[in-house]
Structure formats: C-alpha cells, structure tokens
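# Commentary on secondary and tertiary structure
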Amino acid sequence: MTSTVEIKVNKIAKSRVGEYDVNNVPFGKCFSDHMFVAEYSDGKWQKAYIEPYADIPMSYAMSALHYGQAIFEGMKAYKNEKGEVSLFRPTANFQRMNKSAVRMAMPEVPEEIFMGGLLELIKLDKDWVPSSETGSLYIRPFLIATDEAIGVKASDTYKFVIITCPAGKYYSEPIRVLVETNYIRAVEGGVGNVKAAGNYGRSLYPTKLAQQKGYQQEIWTDSMTHSFVEESGTMNLMFVIDGTVVTPKLSDTILAGITRDSVLTLARDWGMNVEERKVSLKEIEEAQQVGKLNEAFGVGTAATIAHIVAIGHNGKDYELPAVEARKFSNKVDQTLRDIRKSRAEDKHKWMLKVI
Ligand SMILES: Cc1ncc(COP(=O)(O)O)c(C=O)c1O
C-alpha cells in the first residue's frame, strides 16, 4: 500500500528532556517531546503530522473504547557509543502491525506513513534515547478506531499514532512463572497471533491472581487441553532441553515475536539444534526431574531475555539451574546487546540507522 501524504512537523518550543535522567526512568511512564499522528477517513489516509506530545481529543462514544478495534506494536531504538541511533528490525513491526490491522478489520498503514513517521519522529527525539548498557527508547505505534458512534461495526475513521518513552530494564530480577490451566489467553481462530489490545486486557485478572501467589508472570497453555505451553506475558517461551533449543511452534494462538525469530536465527547461526514444535508440560517437568532442563526464558522486545528461575504447576515449583550457568540465554542476550550497540557484526542487517 502506498501513500503520498506529506508529514507536517510542529516542533516543541522547548524540549523537556532536561527534566529527566533518561538513563534512569521507570518503564513506560515518561514520554518524549513529540508524537506522530496520521488520520484515516473517507477510505484513505488524509493527513500526517508530528506535534508536541499531548492528550488525545476524543468523544466518549469513540468506537475503540467500546468495541475494541485497537492494535499496537512495541519496538526499540538504541544508541551506540558513537551516539548513533538505530532501530531493531522495524520493518518486521510494520508488517506485523498490518497483519493485526487486517484481522481487526482496520485499514493497513502504508509503509511511507509507518516508516516515514517513525524515522522523522526518532530523529527529532534522538536526545531521549538512553545511552546506558541496558537502556533504549521504547516505541509504541498504535492504531485506533475513532468513529463517534455506538453500534457494533468496523469504524470508518482511524488514527495511527506513535509515541515513545525512554526505558531501562523491564524485569529487575529473573522471574518465577505460574502455569495457567484455568483461564486462557487465546483460542484457535481467535486473535492471539496479532497484537489486539483486548488480548492484554483479558490476561490481567489471571496474572493478578498469579502475582498474589508470588509469581511475576503466567505461562499460558493451549485452550483445549491445557497440556501444551504457549507464551508468557508479552514474551515467547524458550527452553534448552539437553542442549537443544526448544520453543512452541507458531500458531493461531501465539504471537510471532521478532525477538523469538532473532534468537532462533542466532541459535542456528551457532550450529545449535533448534526445534519449533508443540511443547508439553509433561516434557518440561520430566526434563526438570532428570536434570535435562538446562534453561527456560521468555523473549520479547520489552524484556529482551527474561530468565525463568521457577515454573509453578499443580502446587509444585520446578526450580531451574542458576542463571550464571545458562550458556545459551546469556550468550544470546549479550550478542543481541552487542549487535544493538554496534559492537558486533550485524550479519542479518537487523539494525536500521536513523541518525
Ligand atoms: C503476547 C506476546 N507474545 C510475544 C511477544 C514478543 O514479541 P516481540 O519479540 O516482537 O516483542 C509480545 C510482545 O510484543 C507479546 O505481546
């Protein structure tokens, strides 16, 4: 899809960046100077602009609020030691956003608008990109239905917006996860494989219950039998079982994570055995009992690599080996950081330099 919409830029009079220590802010709470907005009506993208970050003017009847036509993406920009700013695999986020749009009966965002707006915005707000080892600028593109109308139907008008915020580590510690066998995140034929806002809303109550029991996250299982593991929070799941990297195969109910793909690519580059297939709880538990469950971790943009130290299931905690002993996840974590910070060869051309 192409577009010839010109991006109008209205810069902030005085940057707010000096009010924060961008290398030391809580995740998702402090927003950069500018935002990008594109508006869709009458069957086409009409205007696109960058403005100082501000509240959204909207009706209480705005359809996204009532019928859930709301999708989003999550991606990051990194600053290397020379002060250059680059994005990690932004085209993959662009493509996934449009896959979500199609599934939710929303208009696709043209590449010129998504990538053009993104590059322009990051250039303008480059001073907000942290330079610390684990810091990055978290980027949140999202698309929402904006019709002022009650009545269940696809909206005729939409806004595509990008906002950004400096971010440090998502989890400060390795995590304990609880296997969920009562509530479900996604069903066959549903929207689990796209980034629909409702997927996250429905996950909050069961996650709250898990947190009350002392776990940070849940492991979602398949909706029919609750015997196969799927994902955890906003992360795909990976295991190293007896030296083989094992991860649930992508399906209707699993989001195709960009970090997941990157981690599997590195594993294959390093000549490791990689298996993408159904992974049963029974297999995980048996591997743990005979000492063959070497590593378990979540992978995603926000957390990057989140080591799992215990998996709770049926009243029992399956403990994992010490984080320091985990060869693969530690190496992959370091390698991704080195690629993002331009210290390692970017063999797969994952980084897109912005400025
Ligand atoms: C449900 C879910 N699974 C997996 C992921 C990981 O995807 P990515 O690596 O593209 O961030 C995310 C985050 O976007 C997510 O929300």
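Residues numbered from 1 in each chain as written. Predicted model: local features only at pLDDT ≥ 70, side-chain atom pairs only at ≥ 80, totals over all residues. Heavy atoms only, no water.

A common measure of how large an interface is: the accessible area buried when the components associate. Splitting the protein chain by domain gives domain 1 (7-167) and domain 2 (175-340). Between the C-alpha centres of domain 1 and domain 2 there is a distance of 27 Å. Counting from both sides, the interface comprises 20 residues of domain 1 and, opposite them, 21 residues of domain 2. Here domain 1 packs against domain 2, burying approximately 1900 Å² in sum over the two surfaces, 59% of which is carbon and sulfur. Ranking the residues of domain 1 by area buried against domain 2 places Phe72, Phe88 and Arg96 at the top, with a combined share of 31%. In this structure, Arg89 engages Asp261 in a salt bridge whose closest nitrogen and oxygen atoms are separated by 2.9 Å. Contributions of two or more residues to the side of domain 1 that touches domain 2 are made by strand E4 (70-72), strand E5 (75-79) and helix H2 (90-103). By residue number, the principal contributor to the side of domain 1 that touches domain 2 is H2, which donates 6 residues. Partitioning the side of domain 1 that touches domain 2 into residue classes produces 10 nonpolar, 3 polar and 7 charged. (Domains from an automatic or database assignment. Contact = heavy atoms within 4.5 Å. Buried area = accessible area lost by both parts, 1.4 Å probe. Salt bridge = Lys/Arg side-chain N within 4 Å of Asp/Glu carboxyl O. Helix = DSSP H or I, 4+ residues; strand = E, 2+ residues; numbered from the N terminus. Nonpolar A, V, L, I, M, F, W, Y, C, P; charged D, E, K, R; others polar.)

For helix H6 (residues 258-269), which comprises 12 residues, the first-to-last C-alpha distance of 16 Å matches the rise-based estimate of 16 Å (1.5 Å per residue) to within 8%. H6 sits mainly inside the fold: 9 of its 12 residues count as buried. Those residues of H6 lying buried are Ile258, Thr259, Arg260, Ser262, Val263, Leu264, Thr265, Leu266 and Ala267. Gly271, located one to two residues past H6, shows a positive phi value of around 75 degrees. (Expected span 1.5 Å × (residues − 1). Buried < 20%, exposed > 50% of the residue type's maximum accessible area, 1.4 Å probe, protein only.)

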